[in-house]
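# Observations on the three-dimensional arrangement
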Amino acid sequence: VGSSVVLRNRRLIHFGRAATIGHHVLIDGLSHNGVVIGESVNIGPYSIIEATGVVSNLGIGCHIGDHSGIGAYSFIGAAGGVHIGNDVIMGQYVSFHSENHRFEDIDRPIRKQGITRQGIVVEDDCWIGAKVTFLDGCRVGKGSVIAAGTVVRGNIPPYSIAAGVPAKILKSRKSGPDA
């Protein structure tokens, strides 16, 4: 554990063996499922994991699988639930936003219209470039590569290479007649 690490609601944070937490990381486990950080996970310096946005509406939480790594200055907003698989590698400044604000009623302030939550899933063995943004409801299939700067919404099929704003599938990593 690096210097100046802050662990809020520590009883709801679970670490696997050999997990490393960089300097100045903030992890707040307050949520229904807490924050689970698997074995040999590395959380880069200055990163934030928040499992709840507001105390009056507890979040779902965050699970980071074994042997995964999150680059420096990353943000995981896990109120809607974030599940990151095993062997996922991520660059710096990656962000997860697992809830949305409702805004249909123009006669009421947006902040009073409530939220929706679908959650975010990144399956096993993915490579996530720097400054990728994940939006609520997205799912990234196993073995995918997401290029730096991409905004991910919706579903990315397994073994895809995706890039852009919003993410578009460039090609599949699979070869042969089933690709």
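You'll find the structure just up there.
Report on the accompanying structure.

Cut-off values and rules
Residues numbered from 1 in each chain as written. Predicted model: local features only at pLDDT ≥ 70, side-chain atom pairs only at ≥ 80, totals over all residues. Heavy atoms only, no water. Helix = DSSP H or I, 4+ residues; strand = E, 2+ residues; numbered from the N terminus. Rg over C-alpha atoms; globule rule 2.2 N^0.38 Å. Buried < 20%, exposed > 50% of the residue type's maximum accessible area, 1.4 Å probe, protein only. Contact = heavy atoms within 4.5 Å. Core = buried A, V, L, I, M, F, W, Y, C linked by side-chain atoms within 4.5 Å. Pairing = 2+ DSSP bridges. Salt bridge = Lys/Arg side-chain N within 4 Å of Asp/Glu carboxyl O.

## Some remarks on the overall build of the protein
In terms of helices and strands, the protein carries zero helices and 24 strands. Rg of the C-alpha trace for the protein: 16 Å, near the compact-globule value of 16 Å for 179 residues, within the 12% margin. Viewed in the frame of its principal axes, the protein has a C-alpha envelope of about 50 × 50 × 25 Å. Taking all 179 residues of the protein together, 41% fall into the buried category. Restricting the contact set of the protein to residue pairs at least 6 apart, pairs at least 24 apart contribute 28%.

## Let's talk about the nonpolar core
Core analysis: the largest hydrophobic core is formed by 34 residues, its most contacted members being Ile64, Ile76, Phe96, Ile128, Phe134 and Val152. At the level of elements, strand E5 (35–37), strand E8 (62–64), strand E11 (82–84) and strand E16 (120–122) are the ones that each hand at least two residues to this core. In this view, Val152 contacts Val132, Thr133, Phe134, Leu135, Cys138, Val140, Ile146 and Ala167; residues no more than four positions away in its chain are not counted.

## Regarding the sheet that holds strand E18 (residues 133–135)
Strand order in the open sheet formed by seven strands is E1-E4-E7-E10-E13-E18-E21, with parallel pairing between adjacent strands. Strands with a single pairing partner mark the edges of an open sheet, and in this sheet they are strand E1 (6–8) and strand E21 (151–152). Here three bridges tie strand E10 (residues 75–77) to strand E13 (residues 95–97), and the two strands are oriented parallel to one another. Pairing of Ile76 across the sheet is with Phe96, part of E13.

## Examining the sheet that holds E8
The strand order E2-E5-E8-E11-E16-E19-E22 describes an open sheet built from seven strands, whose pairing is parallel. Each edge of the open sheet carries a strand with a single partner, namely strand E2 (13–15) and strand E22 (155–156). Where E11 lies against E16, three bridges are found, and the strand directions are parallel. When the bridges of E16 are listed, Ile84 appears paired with Val122.

## A closer look at the environment of Phe103
In this structure, Phe103 sits in the loop between strand E14 (100–101) and strand E15 (115–116). On a C-alpha basis, the gap between Phe103 and Gln113 in space is 6.4 Å, while along the polypeptide they are 10 residues apart. Non-local contacts of Phe103, meaning those with residues more than four positions away in its chain, are made with Ile110 and Gln113.

## Re the pairing of strand E23 (residues 160–163)
Pairing geometry for strand E20 (residues 145–146) and E23, over two bridges, is parallel. In the strand pairing of E23, Ile146 is matched with Ala162. One ladder, built from four bridges, connects E23 with strand E24 (residues 168–172); its direction is antiparallel. Bridge pairing in E24 places Ser160 opposite Ser172. Remark: four residues form the turn of the hairpin made by E23 and E24, two consecutive strands paired antiparallel; Gly164 in that turn has positive phi of roughly 110 degrees.

## Here's the deal with the pattern of salt bridges
Close approach of charged atoms allows side chains with opposite charge to pair. Inspection of every chain in the model, using the stated rule, returns four salt bridges. With a closest N to O distance of 3.7 Å, Arg17 and Glu39 form a salt bridge. Separated by 22 residues along the polypeptide, Arg17 in the loop between E2 and strand E3 (20–21) and Glu39 in the loop between E5 and strand E6 (42–43) bring together distant segments of the chain. Judged by relative accessible area, Arg17 falls into the exposed class, the value being 63%. We classify Glu39 as partly exposed; its relative accessible area is 28%. When the shortest N-O distance is used, the salt bridge between Glu123 and Arg139 registers 2.9 Å. In this pair, Glu123 is assigned in the loop between E16 and strand E17 (127–128) and Arg139 in strand E19 (residues 139–140), connecting sequence segments 16 residues apart. Taking the relative accessible area as the measure of exposure, Glu123 reaches 23% and is therefore partly exposed.

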